[in-house]
Amino acid sequence: MTVGEEYWIWLQSALGAGARVSGMLNYYKDPAAIYDALCRRELDSLVEPSVRRRLSRSSPSQSYAVQKACAEGGYHIITPESPFYPAGFRHLDAMPLVLYVNGDPSLLVQPLAIGFVGTRNASVYGKRAAEQLSYSVAAAGAVVVSGCAMGIDSCCHYGALQAKGSTIAYVGTGLDADYPKGNRSLRAAIAKHGAIVSEYPPGSVITKGNFPVRNRLIAASTLGVVVVEANEKSGALITAHYAMEYGKDVFAVPGEITSPAFTGGNRLIHDGAKPVFNAMDILEEYAYEYGAGLDLKKAQQASVTPQPLPVEQASKTAAQHPAKPAQAEGAAPTRQAQSEKKTKKELPSYIDKSGRNIYDLIWSTGKAEVDWIAESLSLDIASVLSALVSLEMAGVVQKGEGNQYLLT
């Protein structure tokens with residue numbers, strides 16, 4: 001018999017995400033039976049008093065507010081009884097009882113998924129490696145899974161979107177939270193072309209403890225985890241250790257031995273993680289079992305001819321064209337500066353109307369933020385990001401700090 005969502009929501013809300021519930025569920029089979037036992041005071045001798053008190057503070061009827069918020073936000077509610085519940089979660093002692101999904105829930109049960117993790121304070125090298133590897137993996141047909149944090153996570157999601165592939169973000173906040181603020185546009189794009197997943201219902205309070213808890217989901221939902229850049233205290237290592245515990249593959253991108261930023265990843269390699277120099281180092285581990293769903297040729301082509309990242313384009317430009325003396329603040333631009341600013345580049349034929357309008361807007365202003373572009377041209381965020389990816393690949397715009405894009 002199928003149990004109502006409200007019982008699953010009640011049990012997870014009462015005990016908290018990451019609570020060890022497998023023993024209780026094995027005994028009572030489902031949360032409705034647990035609630036019935038609670039009402040009959042049968043739990044008193046079977047669970048710790050603190051657990052019984054937490055269960056007693058709420059009831060399944062209070063779950064209706066969460067269901068209403070999800071309906072209004074267009075979010076899916078996934079329980080262990082759903083066909084979209086990831087198989088890798090069923091064996092966890094701390095299995096998630098409810099997953100809230102913004103996007104395509106069917107991606108959660110795609111078998112070929114690779115996790116990518118790393119530091120928020122990423123180096124240029126780390127960002128470039130993250131974006132190139134995730135681009136190639138997604139182009140080959142695998143789902144790129146990460147945590148939507150700033151730094152390495154963002155680059156991995158961005159790389160998958162550039163490849164027009166699939167990506168999942170497991171987050172440590174409610175789906176309605178604007179966190180981190182700098183990833184607002186990225187989250188919108190992931191929701192449109194992939195899925196954002198959380199154990200926390202809409203309206204949840206954000207705490208630091210949420211994020212290590214969600215790391216187990218990245219590890220459990222994937223075949224393997226790639227650590228792109230991590231120091232010795234990075235939260236990415238928590239995900240790697242979960243992967244080891246769950247019997248998943250662990251990969252790491254080698255880094256400078258003199259840089260503290262790579263001590264965590266380099267240590268993983270020393271301890272047995274597979275070093276990654278290109279996407280094939282990851283995909284070849286799954287080519288035999290999942291070959292029908294992989295296009296290795298696309299991965300190889302992407303690895304051989306990588307698209308330069310914005311930071312790389314900017315540094316090349318700086319090297320080829322040394323900076324001119326700075327103008328005094330408030331001074332009128334020189335004729336040469338006006339000429340350089342007004343030099344339009346011819347766009348490739350594959351750039352659509354929206355892309356051309358966005359290029360015209362950036363060309364006229366010099367730089368623009370994603371949200372402002374969307375508002376100015378009455379476009380949705382996902383469409384703007386998709387067009388910007390095409391413009392970036394064409395080499396006419398580049399990503400600056402935050403959500404700004406500027407002319408190359």
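Values in this document were obtained by computation on a predicted structure and should not be read as measured data.

*Asks:* An account of the nonpolar core is requested, with residue identities and associated values reported.
*Replies:* If you look at soluble globular proteins, the nonpolar side chains tend to sit buried side by side. With 91 residues, the main nonpolar core has Ile34, Leu55, Tyr170, Ile362 and Leu391 as its most contacted residues. Take this core: its biggest share by element is seven residues, from helix 19 (residues 381-393). Setting aside chain neighbours within four positions, we find Ile34 in contact with Trp10, Leu11, Met24, Leu25, Tyr28, Leu43 and Leu55. By size, the runner-up hydrophobic cluster in this structure holds 33 residues, among which are Ala122, Ala129, Cys155 and Ala299.

*Asks:* I'd like to hear about the sheet that holds strand 10 (residues 367-369), residue by residue, with values.
*Replies:* Strand order in the open sheet made by the three strands is 10-12-11, with antiparallel pairing throughout. Of all strands in the sheet, those with a lone pairing partner are strand 10 and strand 11 (397-399), marking the two edges. This sheet shows a mean twist of 25° between the axes of neighbouring strands, independent of strand direction. Direction of pairing for strand 10 relative to strand 12 (residues 404-407): antiparallel, over a ladder of three bridges. Each residue of the ladder has a partner; that of Ala368, found in strand 12, is Tyr405. Sheet contacts for helix 17 (residues 353-365): strand 10, strand 11 and strand 12; angle to strand 12, the most-contacted strand, approximately 80°. Here helix 18 (residues 370-377) sits on the sheet in contact with strand 10 and strand 12, set at roughly 90° to strand 10.

*Asks:* Account for the packing of helix 1 (residues 5-15) against helix 3 (residues 31-39), with residues named and values stated.
*Replies:* Closest axis-to-axis distance for the helix 1/helix 3 pair is 8 Å, and the angle between their directions is 65°. Overall, the two elements helix 1 and helix 3 adopt an arrangement that is roughly perpendicular. Regarding helix 1 and helix 3, the two cross each other, and that crossing is left-handed. Contacts between helix 1 and helix 3 pair Tyr7, Trp8, Trp10 and Leu11 from the former with Pro31, Ala32, Ile34, Tyr35 and Leu38 from the latter.

*Asks:* Requested: an account of the environment of Met150, with residues and values cited.
*Replies:* By secondary structure assignment, the location of Met150 is in the loop between strand 4 (143-146) and helix 7 (152-162). Overall, the relative accessible area of 35% leaves Met150 in the partly exposed class. Sequence-distant contacts of Met150, defined by excluding residues within four places in its chain, comprise Thr119, Arg120, Pro180, Gly182 and Asn183.

*Asks:* Account for the pairing of strand 12, naming residues and giving values.
*Replies:* Judged from the three bridges that link them, strand 11 and strand 12 form a sheet pairing that is antiparallel. Paired with Val397 across the two strands is Leu407, which belongs to strand 12.

*Asks:* Give a description of the packing of aromatic side chains that names residues and reports values.
*Replies:* The full count for this structure, using the stated rule, is eight aromatic pairs. When the centroid spacing of 6.2 Å and the interplanar angle of 65° are considered together, the rings of Phe89 and Tyr170 count as edge-to-face. Separated by 81 residues along the polypeptide, Phe89 in the loop between strand 1 (76-78) and strand 2 (99-103) and Tyr170 in strand 5 (residues 167-171) bring together distant segments of the chain. For the pair shown, Phe89 and Tyr170 are each scored as buried.

Cut-offs used in this document
Residues numbered from 1 in each chain as written. Predicted model: local features only at pLDDT ≥ 70, side-chain atom pairs only at ≥ 80, totals over all residues. Heavy atoms only, no water. Core = buried A, V, L, I, M, F, W, Y, C linked by side-chain atoms within 4.5 Å. Buried < 20%, exposed > 50% of the residue type's maximum accessible area, 1.4 Å probe, protein only. Helix = DSSP H or I, 4+ residues; strand = E, 2+ residues; numbered from the N terminus. Contact = heavy atoms within 4.5 Å. Pairing = 2+ DSSP bridges. Axes fitted to C-alpha atoms, helices over the stretch in contact; angles between N-to-C directions. Parallel < 35°, antiparallel > 145°, perpendicular 65-115°, else oblique. Left-handed = near helix turned anticlockwise from the far one by under 90°. Phe/Tyr/Trp six-rings, centres within 6.5 Å; stacked < 30°, edge-to-face > 60°.

In short, shape yes, function no, at least from these values alone.
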